[in-house]
Amino acid sequence: FSNACFVVAATMAKKQQSTRRERNGGGAASTSSSIERARQAATKRRGRAKNNNNDAASSIKPSTTQLLFALIAVLAFASLLLLIAPFLPLPTSNLVGSINDDEELLKTREFLSNFVCNYKPKLTTSDVDVDGYCHTKLVAAPKERTQRVAHDDYNPAFQLSSKVYSRVVILQQWFQFISNKLFITTNKSVAIPAGELVMRLPRPLQIWDLDALRDEFIQTEFLGVSDGPLVTHRETGNPLDSGAFLAVHLIRLIHGLRGGECNDSESQECTQPSSSEWTNMRQYEQRIHLLEPYLDVLPARHHDTTAKSGSTAEDAHDHPLIWPKSTLESLFPKYTHTYDLIVHYRRMIQSEYDALGQASKVFAQNVDFSEYLNMRVNVLSRAFGVSATENDSGAKWPKSEEAANESLLDEMISYETSNFGTYLDKSHQSSSFKLRSMSPLLDMYNSHPNPNVMWRYNEKTSSYDIRASNKNSLSPGDAIMVSYGKYTEGHLFAKFGYVNGDGSSPTEANLAVFHRPLGDVGLGRQYSLLPFHAWDSVSSPKGEATQLDKTKQVVGMQSKELLRYLIFDDGYKECVKVSDNEEYNQHEELKLLKLQHLIRIANDLDAWVVRLPEKFPDAKPPQSLSERPELGTDTSKVGVNAKKMLSTCRLLSLTVDDIGREAVDYLREGLSSDKFEVEKDGPTLEYRTMMCVARMCGVAMSRYGEYLTPKGRQEPKEFGSREWNAWYVRDGEMRVLGILRQTLLNEANKLKRQHNLQNDAAMTMRENGACPIELSLPLLRKIS
């Protein structure tokens, strides 16, 4: 059976093979014919592919009808755009904002657009009277009370001359605006190139403190001219800062304008007749109406002694110096750094007003404290510096003919103010004078440490020239941003009423935890709680004997406060007791010398303040005060500048064994030096020094109380409000103290381990309790 199956299978295989040969034609001949058939098949396939491509191309190619319909659609869309174009706001209008019929905004826009920009000289013979100028790309933004760079050169007047052209321009602006938003990210378009002039402010539109000091009313009533009184602070006898007289001068100009209006209209609403001594403007009759638009837009803040609800970012004129006391104390802990700055500014303004009112009944009858406070804040926050030389035409203008030949130095010395007069006579060594100027329009630009424009006083034209920064060009939509100077966040807030909020400014904290500095309180020679001669090296003692005795009494009270720094006796296992005897040992003498040095530096604020550098020094300015700023590059600089504070604590931590066992002689010789700082010595002194500063940081931080808790450190939601600004300043101060304290504790422990000083008696620190202050009280009798 198997053999039969095999035979059948073989027979079938031969039959199939025979069939294949027949189908292929058999042998070599069949091979050639198969090649020919394959060639013909390939030719047919290429032909079909070509026909398919031709069919596809013919289907894509539009017909005449399709082209006509497409053209009609494009024209219809273009017509629709041209039809709705007049109803589209210009991209630049987003910068300007909606004004409608708001009189205040209309007035502000008029001022921003014309007061400086379109000013033409009135005195063609004067060197200081030059054209005002604003770049053609600048546009008024009245809601923000500033100027911005426009998106284009479009003039709405085009709508009157050519409706079609104006509509095309509007559409072109929008396409460009959308393109910039969608496609331009890092490389912005340039509207004003770097270094180009942006604005020029001529001298006749500026109001200097020198102008105020030349005011005949001010000279007679306050500066001792014509046997009049010389106004001074009642508590100290210090002369007033020239900024106080500038504020009085501005109020007089405003009241003079009101008086003139009364004369013209015979209005019965005026409380003071224009012929009165206060509103007599004969000296300024050629200038007062020129300045009227500026005086009319100066911020008017209303001082309220009652607490108010929280402000918003839009409260452009909200300023901490205007806040009621309850608001200030609800946002800042007492005796912290920024709190003290605000309090001292307010004390200065109150003391100035009291002194002016006491010297002049006319002033007291015409100006209430609220009005003076408002104008004084304007001067503090809006005046720019002027570096004028002896030959400066701006300083000589408008000078009376009688004083034309008097030198500027002699004139400045004749004005007894805190920054001129006797102080200038003794301290003036340069060829220029530091004056102040109210600067219209320039004072409406916001400030940032990294501005996009730079301002400078041009001595040749006596004008302020504002140019695009050499590093940055200005792009469409940019807000004009200047720099008011280098300020810490706390001082910026206390003086100008705002913060940058982006880590671009340094932050300070005060470690004078056991006493309050009375001399330099952060305001320089503008204001002090002590006579200037008690703490600076220029002023001479003057005043009545009773006033000098009062100064000694104040210093004596401060000395008792300073004793609290000496009650720890760090480095001693036992407390150092000072005897009442005239003779004392070297430990007692060292403690006495420490107190004498403390008295010398007690009123030098730099000896007690520590500073944290900018966290984001390259941060870019925001485009509006309500806009959260973009943070720059974190420099990771956490090193706090505490050099002078470390010197202060080295003084407090000295023992007789330090400085080569010559600490007593070292401090005794230091009393003869104007600038004395205790330098590093050995590891034990450095350990005690770091622990001393860390102790003071702890005491300073305890003042923040509930603000140290997570709830107290929580960021308020509304950026730019008074609550947010206060939080930002507070948090910065606490951050400085926390970083410094932790850094010093770590370094002190590292030092202890490196030098194996764990059991050294010189490392003694009294952290849980100080020595009784009674042990040190005899020091007060010894220094008296």
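This next bit is on the overall build of the protein. Counting its regular elements, the protein contains 27 helices and 13 strands. Within the span of the protein, comprising 784 residues, buried residues form 48% of the whole. Taking as baseline every contact in the protein between residues at least 6 positions apart, the subset at least 24 positions apart corresponds to 77%.

Here we take up the sheet that holds strand β9 (residues 453-458). The 4 strands lie next to each other as β1-β4-β10-β9, forming an open sheet whose pairing is antiparallel. Among the strands making up the open sheet, the edge pair consists of β1 (133-134) and β9.

Moving on, we get to the packing of helix α19 (residues 489-496) against helix α26 (residues 722-754). Close contact between α19 and α26 brings their axes to 9 Å; oriented N to C, the two are set at 150 degrees. Between α19 and α26 lies a crossing whose hand is left-handed. Of α26, the residues touching α19 (which contributes Glu489, Gly490 and Phe493) are Asn725, Tyr728 and Val729. Looking at the contact of α19 with α26, its residues break down into 3 nonpolar, 2 polar and 1 charged.

What follows concerns the sheet that holds strand β6 (residues 383-389). Paired through their backbone hydrogen bonds, the strands of a sheet run either parallel or antiparallel. Sheet architecture is open: 3 strands sit in the order β5-β7-β6, paired in antiparallel fashion. The two strands at the open ends of the sheet, each matched to only one other strand, are β5 (207-208) and β6. Pairing of β5 with strand β7 (residues 432-438) involves 2 bridges; the strand directions are antiparallel. Within the sheet, the bridge partner assigned to Ile207 lies in β7 and is Met438. Where helix α15 (residues 369-382) meets the sheet, it contacts β6 and β7, and its direction lies at approximately 60 degrees from that of β6.

Bringing helix α25 (residues 683-702) into the picture now. End to end, α25 covers 29 Å across 20 residues, agreeing with the expected 28 Å (1.5 Å per residue, within 8%). Of all 20 residues that make up α25, 16 are buried, and the element is covered over most of its length.

Residue-level pLDDT values for the protein average 82, and 75% of them are 70 or greater. Per-residue pLDDT, averaged within each element of the protein, yields its smallest value for helix α6 (residues 158-161) (43) and its largest for strand β4 (residues 197-201) (97). Low pLDDT, under 50, characterises residues 20-31; the stretch is placed with 4 contacts to residues that sit more than four places away or in other chains. Note on residues 156-161: pLDDT is under 50 here. Beyond four places in sequence and across chains, it has 5 contacts.

By the element assignment, Ala479 lies in the loop between β10 (463-468) and β11 (481-482). The class of Ala479 is buried, set by a relative accessible area of 3%. Sequence spacing of Ala479 and Gln147 is 332 residues, and the spatial spacing of their C-alpha atoms is 6.3 Å.

A word on α26. Taking 1.5 Å per residue as the helical rise, α26 with its 33 residues ought to reach 48 Å, and the 48 Å between its terminal C-alpha atoms agrees with that figure. Among the residues trailing α26, Asn756 stands out with phi positive, at a value near 50 degrees.

Tallying each qualifying case throughout the model produces 3 disulfides. For Cys117, the disulfide goes to Cys134, at an S-S distance of 2.0 Å. Here Cys117 and Cys134 share a disulfide; its torsion about the S-S bond, -75 degrees, makes the bridge left-handed. Of this pair, Cys117 sits in the loop between α5 (103-115) and β1 while Cys134 sits in strand β1; the two residues are 17 residues apart in sequence, bridging distant segments of the chain. The exposure classification of Cys117 matches that of Cys134, with both residues buried. Each disulfide pairs two cysteine sulfurs, and for Cys575 the partner residue is Cys771, the sulfurs being separated by 2.0 Å. Disulfide Cys575 to Cys771: torsion about the S-S bond roughly -85 degrees, handedness left-handed. Of the two residues, Cys575 is situated in the loop between α20 (545-562) and α21 (586-601) and Cys771 in the loop between α26 and α27 (778-783); the sequence distance between them amounts to 196 residues. The exposure class assigned to Cys575 is partly exposed, which follows from its relative accessible area of 31%. The buried category is assigned to Cys771, whose relative accessible area is 5%.

Direction vectors running N to C along helix α13 (residues 337-359) and α15 enclose 125 degrees, while the axes themselves pass 10 Å from each other. Classified by the angle between their axes, α13 and α15 sit oblique to one another. Crossing angle aside, the handedness with which α13 passes α15 is right-handed. For the pair α13 and α15, the contacting residues are Tyr345, Met348, Ile349, Gln350, Glu352, Tyr353 and Leu356 in the first and Phe369, Tyr372, Leu373, Arg376, Val377 and Leu380 in the second. Taken together, the residues of the contact of α13 with α15 sort by class into 10 nonpolar, 1 polar and 2 charged.

Attention now goes to the pairing of β9. Note: β9 against β10, 6 bridges, orientation antiparallel. Counted as the bridge partner of Val453 is Ala468 from β10. Remark: 4 residues form the turn of the hairpin made by β9 and β10, two consecutive strands paired antiparallel; Ser462 in that turn has positive phi of roughly 55 degrees.

The subject of this paragraph is unusual backbone geometry. Of note in the backbone geometry, Leu441 takes a positive phi value of approximately 70 degrees without being a glycine. If you trace the backbone, Leu441 turns up in the loop between β7 and β8 (446-447). Classification of Leu441 as buried rests on a relative accessible area of 1%. With a phi close to 55 degrees, Ser462 is a non-glycine residue in the positive phi region. Within the fold, Ser462 resides in the loop between β9 and β10. When its relative accessible area of 0% is taken as the criterion, Ser462 is described as buried.

Tallied over the entire structure, the rule returns 29 salt bridges. The salt bridge partner of Glu411 is Arg214, with a shortest N-O separation of 2.7 Å. Here Arg214 lies in the loop between α8 (209-213) and α9 (216-222) and Glu411 lies in helix α17 (residues 408-414), a separation of 197 residues in the sequence. Across the pair Asp580 and Arg781 runs a salt bridge whose closest N-O atoms are separated by 2.7 Å. Of this pair, Asp580 sits in the loop between α20 and α21 while Arg781 sits in helix α27, and the two are 201 residues apart along the sequence. A network of salt bridges, in which partner residues are shared, links Asp241, Glu352, Arg376 and Arg436.

Our focus in this paragraph is the nonpolar core. The biggest cluster of nonpolar side chains holds 113 residues, and the ones touching the most others in it are Val198, Met199, Phe245, Leu295, Phe332 and Tyr372. Residues within four places of Leu295 in sequence aside, it is in contact with Ile207, Leu250, Leu253, Ile254 and Leu257.

A separate point is the environment of Asn470. Note that Asn470 resides in the loop between β10 and β11. For the pair Asn470 and Gly195, spaced 275 residues apart in the sequence, the C-alpha separation amounts to 4.9 Å.

The topology assignment puts Arg695 in helix α25. Arg695 sits in the buried class, given a relative accessible area of 13%. Aside from chain neighbours lying at most four places away, what touches Arg695 is Phe568, Asp570, Met765, Arg766 and Glu767.

What follows covers the environment of Tyr353. Among the structural elements, Tyr353 can be located in helix α13. Looking at Tyr353, the relative accessible area reads 15%, which means it is buried. For Tyr353 and Phe363, which are 10 residues apart along the polypeptide, the C-alpha to C-alpha distance reads 9.5 Å. Apart from the residues within four sequence positions on either side, Tyr353 is in contact with Phe363, Val367, Asp368, Phe369 and Tyr372.

What counts, and where the lines are drawn
Residues numbered from 1 in each chain as written. Predicted model: local features only at pLDDT ≥ 70, side-chain atom pairs only at ≥ 80, totals over all residues. Heavy atoms only, no water. Helix = DSSP H or I, 4+ residues; strand = E, 2+ residues; numbered from the N terminus. Buried < 20%, exposed > 50% of the residue type's maximum accessible area, 1.4 Å probe, protein only. Contact = heavy atoms within 4.5 Å. Pairing = 2+ DSSP bridges. Axes fitted to C-alpha atoms, helices over the stretch in contact; angles between N-to-C directions. Left-handed = near helix turned anticlockwise from the far one by under 90°. Nonpolar A, V, L, I, M, F, W, Y, C, P; charged D, E, K, R; others polar. Expected span 1.5 Å × (residues − 1). pLDDT = per-residue confidence, 0-100. Disulfide = S-S within 2.5 Å. Parallel < 35°, antiparallel > 145°, perpendicular 65-115°, else oblique. Salt bridge = Lys/Arg side-chain N within 4 Å of Asp/Glu carboxyl O. Core = buried A, V, L, I, M, F, W, Y, C linked by side-chain atoms within 4.5 Å.

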